[in-house]
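These are the residues of each chain, in order.
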Amino acid sequence: MPGLGTIVNVVAIILGAGLGMLFGKKINEKIRTSLTAVLGLSVMFVGASGAMSGMLKAVGTDGSIETYGTMMMIISLVVGTLIGEVLKIEDRLEKFGEWIKKKVHAHNEQGFVPAFVNTSLVVCVGAMAVVGSVEDGLLGSHTTLFAKALLDFLIVIMMASTMGLGCLFSFVPVGILQGSITALSKLAEPVLSYGTVIADLSLVGSVMIFAVGVNLAFGKKFRVGNMLPSLIIAVAYSAASAFFGFSI
């Protein structure tokens, strides 16, 4: 059944948020602040490990290491962020969060919008969301999205326990994004299967996850929502590089 992977992913986020909020009610504000910082540190390492695994490649028989994708990453992030700033994507995402907050009458939840934005970015950004949704639509294979659902379940438990109700509604962008990719998977397959598109998408996505971790640990330093077009630029760069045979 096409779309089943996304449905399971959405349910996992809702359940994880519910458990996290139930647990979080027993945590006082001082401990919650400390846990939020530690959560940010953890997310930073998740992003860093993903980025490093994409950038560092062993070559030769002596185990020497070479870097890969540095210029692609820089171009994608700079151009993508410029586009995002012009389009004011993060402002629109925050307004969407405010709209949800009003609809669910969460007026007393002061951290609702940051919780919604940060959690949405963590669970939406990454190659698993894209690749899993394509596999779901083309092959009827839900394995990747089931694995992502388990990871998201654990991540959202931790985030909701410290950040509250806003984390729950990250299921909305996940459902929209992954459902749309699954529906359009036949159009996306030729691009995603070309060259190193998936590897480059994962690399740039991991850097963005690292930036979310920085925001959680140290306060808002990056407008990560405005960095989202970087994923599209990474795909375009990688596909063009493979097609035209250039590397810069």
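Refer to the structure presented above.
Since the model is a prediction, treat every value here as computed from it, not as a measurement.

### Quick notes on the overall build of the protein chain
Part 1 of the argument: Of the regular secondary structure elements, the protein chain holds 11 helices and 2 strands.
Part 2 of the argument: Its C-alpha atoms give the protein chain a radius of gyration of 18 Å, within 12% of the compact-globule value 18 Å for 248 residues.
Part 3 of the argument: Seen through its principal axes, the protein chain has C-alpha atoms that stretch 55 × 40 × 40 Å.
Part 4 of the argument: By residue count, 46% of the 248 residues in the protein chain fall in the buried class.
Part 5 of the argument: Of the contacts formed within the protein chain by residues at least 6 apart in sequence, a portion of 77% connects residues at least 24 apart.
Part 6 of the argument: Summed over its atoms, the accessible surface of the protein chain is roughly 12600 Å², and 71% of this surface lies on carbon and sulfur atoms.

### A short note on the pattern of salt bridges
Part 1 of the argument: All told, the structure shown has 5 salt bridges when counted by the stated rule.
Part 2 of the argument: With its nearest N and O atoms 3.0 Å apart, the salt bridge here joins D91 to R223. Here D91, found in helix 4 (residues 89-103), pairs with R223, found in the loop between helix 10 (197-218) and helix 11 (229-244); they are 132 residues apart in sequence, far enough to count as distant.
Part 3 of the argument: Since its relative accessible area comes to 25%, D91 is described here as partly exposed.
Part 4 of the argument: Since its relative accessible area comes to 30%, R223 is described here as partly exposed.
Part 5 of the argument: Notably, a salt bridge pairs K148 with D152, separated by 2.6 Å at the nearest N-O pair. Within this pair, K148 and its partner D152 are both found in helix 7 (residues 143-163), separated by 4 residues, close to a single helical turn.
Part 6 of the argument: For K148, a relative accessible area of 4% gives the class buried.

### Topic: the side chain of S238
Part 1 of the argument: With respect to the helices, strands and loops of the structure, S238 is situated in helix 11.
Part 2 of the argument: Overall, the relative accessible area of 1% leaves S238 in the buried class.
Part 3 of the argument: For S238, the side chain forms a polar contact with the main-chain nitrogen of V197, separated by 3.1 Å.
Part 4 of the argument: Residues contacting S238, with those up to four places away along its chain left out, are T196, V197 and D200.

### A short note on the packing of helix 2 (residues 29-55) against helix 7
Part 1 of the argument: The contact between helix 2 and helix 7 brings their axes to 9 Å, and the two run at 145 degrees. Considering the relative orientation of helix 2 and helix 7, their crossing is left-handed. Residues R32, L35, T36 and L39 of helix 2 form the contact with helix 7, whose participating residues are M158, M159, S161 and T162.
Part 2 of the argument: Partitioned by chemical class, the residues of the contact of helix 2 with helix 7 number 4 nonpolar, 3 polar and 1 charged.

The rules behind the values
- Residues numbered from 1 in each chain as written.
- Predicted model: local features only at pLDDT ≥ 70, side-chain atom pairs only at ≥ 80, totals over all residues.
- Heavy atoms only, no water.
- Helix = DSSP H or I, 4+ residues; strand = E, 2+ residues; numbered from the N terminus.
- Rg over C-alpha atoms; globule rule 2.2 N^0.38 Å.
- Buried < 20%, exposed > 50% of the residue type's maximum accessible area, 1.4 Å probe, protein only.
- Contact = heavy atoms within 4.5 Å.
- Areas by Shrake-Rupley, 256 points an atom, 1.4 Å probe, with all protein chains shown as cover.
- Salt bridge = Lys/Arg side-chain N within 4 Å of Asp/Glu carboxyl O.
- Polar contact = N/O pair within 3.5 Å; in protein donor to acceptor, adjacent residues only side chain to side chain.
- Axes fitted to C-alpha atoms, helices over the stretch in contact; angles between N-to-C directions.
- Left-handed = near helix turned anticlockwise from the far one by under 90°.
- Nonpolar A, V, L, I, M, F, W, Y, C, P; charged D, E, K, R; others polar.

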